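Survey of secondary and tertiary structure
Chain by chain, the residues run as shown.
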Amino acid sequence: MDIILLQDVRRLGKRGEVVKVKSGYARNYLLPQGFALEQTPGNLAYFEQQRKKIDARHQRERAEAAEIAAEIAALRISIAKRVGEKETLYGSVTVAEIAERLERKGITVDKRRIDLGGVPGLKTLGEHTVSIDLHPEVIAELVVSVVPEE
């Protein structure tokens, strides 16, 4: 199925591109989420007509994401965890815990946007840098300190 992307979609394409995707992916995810339109002559004309509005919305969302990224970069989160005798953690620090700590600081972030570098959780003591995808063009870096529980 050929679709017109209404916004940047990671690993798929940029806004305004016409890309070919499997019909289930388009029907079940891209179209309902408002990320794309089915490619028809009418939708192509509609997209060109709406391009200025879409560009303005995109710029506004990017600016908002940049502000949030600046707030996150200034933060430092410390999470206390139980440790064993050899300074090994019982369990790990998950993205849900990081999202909860950010929520306490007044920043709401979807936990699916937090990237721990390909691992399911932080399993060592110390400082870790975590990436947060706020916008396709804005990625915030957060320092998370894992400390022993007292």
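Before reading further, recall that the structure is shown in the block above.
In what follows, the accompanying structure is described.

Reading the values: rules and limits
- Residues numbered from 1 in each chain as written.
- Predicted model: local features only at pLDDT ≥ 70, side-chain atom pairs only at ≥ 80, totals over all residues.
- Heavy atoms only, no water.
- Helix = DSSP H or I, 4+ residues; strand = E, 2+ residues; numbered from the N terminus.
- Expected span 1.5 Å × (residues − 1).
- Bend = angle between axes of the 7 residues up to and from the residue.
- Buried < 20%, exposed > 50% of the residue type's maximum accessible area, 1.4 Å probe, protein only.
- Contact = heavy atoms within 4.5 Å.
- Pairing = 2+ DSSP bridges.
- Phe/Tyr/Trp six-rings, centres within 6.5 Å; stacked < 30°, edge-to-face > 60°.

1. Observations concerning helix H2 (residues 41-74)
With 34 residues, H2 should reach 50 Å at 1.5 Å per residue; the first-to-last C-alpha distance of 47 Å fits that figure. At Gln50, H2 shows its maximal kink, close to 55°. For H2, the complete set of buried residues consists of Phe47, Gln50, Ile54, His58, Ala65, Ala69 and Ile72. Those residues of H2 hidden inside the fold are in contact with strand E1 (2-5), strand E6 (126-135) and strand E7 (138-148).

2. Thoughts on unusual backbone geometry
Here the phi dihedral of Arg11 falls at roughly 65°; this positive angle occurs in a residue that is not glycine. Tracing the sequence through the fold places Arg11 in the loop between E1 and strand E2 (18-20). Despite not being glycine, Glu87 shows a phi value in the positive range, around 60°. Relative to the assigned elements, Glu87 resides in the loop between strand E4 (76-81) and helix H3 (95-104).

3. As for the pairing of E7
Every regular strand shows the same layout, with side chains that alternate between the two sheet faces. Two strands pair when backbone bridges link them, and E4 and E7 are joined in this way by 6 bridges, in the parallel orientation. Considered in E7, the bridge of Ser78 is made with Ser145. As defined by bridge partners, E6 adjoins E7 across 9 bridges and the pair is classed as antiparallel. Pairing of Asp133 across the sheet is with Ile139, part of E7.

4. Re the packing of aromatic side chains
In this description, a pair of aromatic rings is defined by centroid distance and the angle of the planes. In this structure the tally under the stated criterion is 2 aromatic pairs. Between the aromatic rings of Tyr25 and Tyr29, the centroid separation amounts to 5.7 Å while the plane-to-plane angle is 15°, which identifies the pairing as stacked. With Tyr25 and Tyr29 both in helix H1 (residues 23-33) and 4 residues apart, this pair spans about one turn of that helix. Taking 5.5 Å as the distance between ring centres and 65° as the angle between the ring planes, the aromatic pair formed by Tyr29 and Phe35 counts as edge-to-face. On the basis of relative accessibility, which here comes to 17%, the residue Phe35 falls in the buried class. Cluster of aromatic residues (ring-pair linked, three or more members): Tyr25, Tyr29 and Phe35.

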